[in-house]
Amino acid sequence: MKNTTITLLLLTIVTNCFAQNDPAQYVNPFTGTQDMGHTFPGAAVPFGMVQLSPDTDTVMFFHEGEYNKDVYRYCAGYQYNDSTIVGFSHTHFNGTGHSDLGDFLIMPFKGQPKLNPGTSTKPDKGYRSRYSKATELASPGYYTVELDDYKVKAELTATTHVGIHQYTFESKSKRKILLDLFHGIYNYDGKVIWSSIRVENDTLITGYRQTQGWARERKVFFAITFSEKIMDYRLVNQKPEKYNGFWRKFDNIERFPECSGKKIKAWFQFKESLKPVYLSPKDLRTGTEPPPKIGQPLKVKLAISAVSIAGAIKNLQQEAPHWNFEQYKSEARKKWNKAFKKIEIDAGREVKENLYTAMYHAFMSPIVYEDVDGRYRGLDQQIHESTDFTNYTIFSLWDTFRALHPLLTILQPERTSDMVNSMLAHQQESAHGMLPIWSHYNNENWCMTGYHAASVISDAIVKGIQGINIDTALHAMKRTAWYPKYDQNQIYRIRGYVPFDDGPYSVTKSLEYSYDDWAVFQVAKMANQEKLVRALRVRAENYKNVFDRKTGLMRPKMHDKTWLNDFDPLATHGMGFIEGNAYTYTLFVPHDIMGLAFLKGSDEALAQHLDTLFSMPLPEEKYANTEDIESVGIIGNYIHGNEPGHHVPYMYNYVGQPWKTERMVRRINKEMYKATPDGLCGNDDCGQMSAWYIFSALGFYPVTPGTNQYVLGSPNIKNAKINLDNGKTFEIEVKNQSPENRYVQKVYLNGKHWPKLYITHNMITDGGKLTFEMGASPNKERGQQYGDRPYSLSGEH
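Values in this document were obtained by computation on a predicted structure and should not be read as measured data. (Residues numbered from 1 in each chain as written. Predicted model: local features only at pLDDT ≥ 70, side-chain atom pairs only at ≥ 80, totals over all residues. Heavy atoms only, no water.)

Some points on the confidence of the model for the protein chain
Our working definition: Values of pLDDT, which run from 0 to 100, indicate the predictor's confidence residue by residue. In what follows, a contact means two residues having at least one pair of non-hydrogen atoms within 4.5 Å.
On average, residues of the protein chain score 94 in pLDDT, and 95% of them reach the 70 mark or higher. Note that residues 10-15 has pLDDT below 50 and, in this model, 0 contacts with residues that lie over four places away or in other chains. The low-confidence segment residues 284-288 (pLDDT under 50) makes 8 contacts with residues lying over four places distant or belonging to another chain.

Take a look at the structure:
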């Protein structure tokens, strides 16, 4: 008995050590791939440019000349419940509500080539394949599935710039690879402006394509190499130009080594395998049948570059010099584990799965957007070289300023510096002299409202992130804040609000401009720019200009300063708000919640508004015209499935009722996050939804990016360690943790009672220990002193 106990103890210790060394085991890449999450399950490394994943359909953006609503489900190219796979493309967005990309789709096949993808209802008409969920597996840096129609086992892994494929065919198969340069996500006829392909030799293919989609002018170059010699091939232009010039001298079909056009497809054939091998039973769909005879795997490496074909080749040579697929797969997993180990937690398996899956999604973007030699294509379409920073792209700033970028200031400070400097480079390359609004692949796509790069930059500077020139940053922020042509910004500066009859989303713009102006104000104070400070201090209070005291809500105001008639405060469409309604947007004053309470009449009045928001029903017809909102992400009238209200559960701290924050945060953590395909209640939005969970699980949240404060909540872990880049550790200890004990009784910092309802960034980066004592009943004494409450602009008086 004694020996058994010792054995079990040793087994537990070994298991725990293995788990700590391999947190990737808790990640489910399929989380959010069903319905609204808009994530993808394929292979990538942290912040990698290549994100290689299966696409399960080819829904086009237009149907009979109109927007096709079904395309929205395929923002990431993949839906979990689809029964066919079209192929594997190399670029994807994580969790967005609009889309692009899906470059360079590869599909292994055998038999007669089919150059069209077919449809989900008629897969045999095209090159797509059916598959079984039983054979589909994914883990950080790796994806595999068996393509039933071709009897091919597909395996994918990646480096930062290279997608690495391994395809195992049945023995004696005539192995072929299809390359589709027309395929894309949110595709339409005319999106591919031009594409080109060259057969350089019997193992190397190069080319590029230029598209016009969400990014108006986007070029991506590629270099493909195969592990075996090409025996036969065809390059086909399915949409020839009317003018062919003197190319008519050639037979452009039969093994012609170059092809250009707007709808290019290609296929390549290889020898039958001469060295059959056998799969082990664990690799089979069922372990009951004898292992089938299969051929030697065919391997493919595809590198991408935004600069040139030479850049793609250089990326390929440096990052993927050999053909050992298992080594690439192992290295990808090591990179993920290094990233995951920045947070070590003691918690139940469900919490570990949620947290590490959230970290996985949070570290998908922004992506590295330069070649291995530091060259990148800028917003001016010129080639630049980063000398003292790494260039990044995919800045979904309307979403990610709220929690993702603040999270990266803690977990990825060096990358944060690089990202800020990438934004400053964007501003210098911009014809408008503006910081990014929503940018990807050296393009500004102008999506959403506000100018939230100011928030990200301000937050980084206030928190002391190194390598950012404050004068350069302030100049870029000021240019953006005063740019008159952008989205009613000039009339906002003149009137102090955006009139409803001057353009859509007027109240949202007024509120977000006010907050962003405050973010610039924070940096101007640090730079001792007194004149600028005074101007921005006034603009930071412009939120008051759209507050209607009669209704107690933010409300659309007309040019003549009258309020909009027929005002529906529950409607999320057509009322001056974007992806939210008046009840939510009334609370978007993250920089001056004390001032908002004054407008409402008292702390108690603001608390009642919060209570009402979480309890009142929101009828479905009120959000029926907003495709980013669904019932699964709603509690009362609070919409967690979208970003405008993500700070709202923490606002009770500002009115002296922190126990309500604690109760609501625990509820959202439990109901809105699961590590399952349908486990996200809305778009992950480039990691913002995931970042909310990470912060909240640890027990604090950045309500006001641009300050150094994190507002306390109710952690759902037992213990955690944040391993900082400076070598220090910040520990979080939770005493009496249980589902019932959701209320904070006391907080201690480094062993001393900490009465305040927030902690600061320096407290984390200096290292130390934060202790929560939990209980089943609220402690209503906490937060009663105004001095213990978080920052508000009005509190500076």
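That was the structure; now back to the text.
Concerning helix 14 (residues 593-600)
An α-helix turns once every 3.6 residues. As a result, residues three or four positions apart point the same way. For clarity, the cut-off: Buried means the residue's accessible area, taken with a 1.4 Å probe over protein chains only, is under 20% of the maximum for its type, while exposed means over 50%, and partly exposed covers the values in between. Secondary structure is summarised from DSSP: a helix means a run of H or I of at least four residues, a strand means a run of E of at least two, and numbering begins at the N terminus for each.
In terms of residue burial, helix 14 counts as a mostly covered element, since 6 of its 8 residues are buried. Looking at the buried residues of helix 14, the elements they touch are strand 30 (547-548), strand 31 (553-554) and helix 15 (603-615). Downstream of helix 14 by a residue or two, Gly 601 has a phi angle that is positive, lying close to 115°.

Quick word on the sheet that holds strand 29 (residues 443-444)
Under the convention used in this document: Here, strands pair whenever DSSP counts at least two bridges between them.
Ordered by their spatial adjacency, 3 strands build an open sheet running 27-28-29, and the pairing between neighbours is antiparallel. Because the sheet does not close on itself, it has two edges, and the strands there are strand 27 (395-396) and strand 29. For strand 28 (residues 438-440) and strand 29, the ladder comprises 2 bridges, and the chain directions are antiparallel. The residue bridging Ser 439 from the neighbouring strand is Glu 444, located in strand 29.

Quick look at the nonpolar core
Proteins that are soluble and globular tend to have nonpolar side chains buried together. We count it as follows: Residues belong to one nonpolar core when they are buried, are Ala, Val, Leu, Ile, Met, Phe, Trp, Tyr or Cys, and are joined through side-chain atoms within 4.5 Å.
By size, the foremost hydrophobic cluster in this structure holds 222 residues, and its most contacted members are Phe 88, Tyr 167, Ile 197, Phe 268, Phe 700, Ile 732 and Ile 759. If you tally residues by element for this core, the top one is helix 11 (residues 506-526), at 10 residues. Of all hydrophobic cores here, the second largest spans 11 residues; its members include Tyr 142, Leu 204, Ala 223 and Leu 316.

Digging into the side chain of Ser 714
How we decide: Under this definition, polar contacts are N or O atom pairs within 3.5 Å; protein pairs additionally need one hydrogen-donor-capable and one acceptor-capable atom, and for neighbouring residues in sequence, both atoms have to be side-chain atoms.
Following the sequence through the fold, Ser 714 ends up in the loop between strand 35 (709-712) and strand 36 (719-723). For Ser 714, the side chain forms a polar contact with the side chain of Arg 666, separated by 3.1 Å. At a separation of 2.7 Å, a polar atom in the side chain of Ser 714 contacts the main-chain carbonyl oxygen of Arg 742. Not counting chain neighbours up to four residues away, the residues in contact with Ser 714 comprise Glu 662, Val 665, Arg 666, Ser 696, Gly 699, Arg 742 and Met 774.

Concerning the packing of helix 9 (residues 470-481) against helix 11
Two quantities define a packed helix pair, namely the angle between the helix axes and the distance between the axes. Here is the rule: Each axis is a line fitted through C-alpha atoms, and for a helix only the stretch in contact is used; angles between axes span 0 to 180 degrees, taken between their N-to-C directions. Definitions for this section: a left-handed crossing has its near helix turned counterclockwise from the far helix by less than a right angle. A right-handed crossing has that turn clockwise.
Following both chains from N to C, one finds helix 9 and helix 11 inclined at 150°, their axes separated by 10 Å at the closest point. Here helix 9 runs over helix 11; the crossing is left-handed. Of helix 11, the residues touching helix 9 (which contributes Ile 470, Leu 474, Met 477 and Ala 481) are Asp 517, Ala 519, Val 520, Val 523, Ala 524 and Met 526.

Thoughts on the sheet that holds strand 38 (residues 743-749)
Taking strand neighbours across the sheet as the criterion, the 6 strands line up as 22-36-37-41-38-39 in an open arrangement whose pairing is mixed. Two strands lie at the open edges of the sheet, namely strand 22 (343-346) and strand 39 (752-753), each paired on one side alone. Relative to strand 39, strand 38 runs antiparallel, the two sharing 2 bridges. Bridging from a neighbouring strand, Leu 749 pairs with Lys 752 of strand 39.

Some details on the environment of Pro 29
Looking at the secondary structure, you find Pro 29 in the loop between helix 1 (2-21) and strand 1 (53-55). When the C-alpha positions of Pro 29 and Leu 137 are compared, they lie 9.1 Å apart, and in sequence the two are 108 residues distant. If we ignore the near neighbours within four places in the chain, the residues touching Pro 29 are Phe 40, Pro 41, Ala 138, Ser 139, Pro 140, Tyr 360 and His 361.

Some details on unusual backbone geometry
Excluding glycine, a negative phi dihedral is what most residues carry, and trans is how most peptide bonds are arranged. The omega torsion of the bond from Ser 365 to Pro 366 falls at 0°, within 30 degrees of zero and hence cis. The phi dihedral of Phe 104 is positive, around 60°, even though this residue is not glycine. Note that Phe 104 resides in the loop between strand 5 (87-89) and strand 6 (105-109). Using a relative accessible area of 0% as the deciding quantity, one classes Phe 104 as buried. At Asp 487, a position not held by glycine, the phi torsion is positive, near 50°. The residue Asp 487 is located in the loop between helix 9 and helix 10 (489-495) in this model. Under the relative-accessibility criterion, Asp 487 is labelled partly exposed at 23%.

What about the pairing of strand 18 (residues 264-269)?
Counted residue by residue, strand 18 has 6 buried out of 6 residues, so it is predominantly covered. Pairing of strand 12 (residues 176-180) with strand 18, which is carried by 5 bridges, proceeds in the antiparallel orientation. The residue of strand 18 that forms the bridge with Lys 176 is Gln 269. The sheet contact formed by strand 16 (residues 232-237) and strand 18 spans 6 bridges and is antiparallel. Paired with Val 236 across the bridge in strand 18 is Lys 265.

Focus: the packing of aromatic side chains
Note the cut-off: Geometry of aromatic contacts follows a simple scheme: Phe, Tyr and Trp rings, the Trp one being its six-membered ring, pair when their centres are within 6.5 Å, and the pair is stacked under 30 degrees between planes, edge-to-face over 60, tilted otherwise. Ring-over charges, as used throughout, are those where CZ of Arg or NZ of Lys falls within 6 Å of the ring centre and within 35 degrees of the ring normal.
Scanning the entire structure with this criterion turns up 46 aromatic pairs. Geometrically, the ring pair formed by Phe 401 and Tyr 515 is tilted, given 5.6 Å between the ring centres and 35° between the ring planes. Taken as a pair, Phe 401 in the loop between helix 5 (397-400) and helix 6 (404-411) and Tyr 515 in helix 11 lie far apart in primary sequence, 114 residues in all. Grouping residues by exposure puts Phe 401 and Tyr 515 together as buried. On the basis of an interplanar angle of 5° and a centroid distance of 6.0 Å, the ring pair of Tyr 673 and Trp 692 is categorised as stacked. Residue Tyr 673 is located in the loop between helix 16 (658-672) and helix 17 (688-698), and its partner Trp 692 is located in helix 17; the two are separated by 19 residues in the primary sequence. Per residue, the accessibility class of Tyr 673 equals that of Trp 692, and both read buried. Positioned above the aromatic ring of Tyr 142 is the side chain of Lys 329, whose terminal nitrogen or guanidinium carbon lies 3.8 Å from the ring centre.

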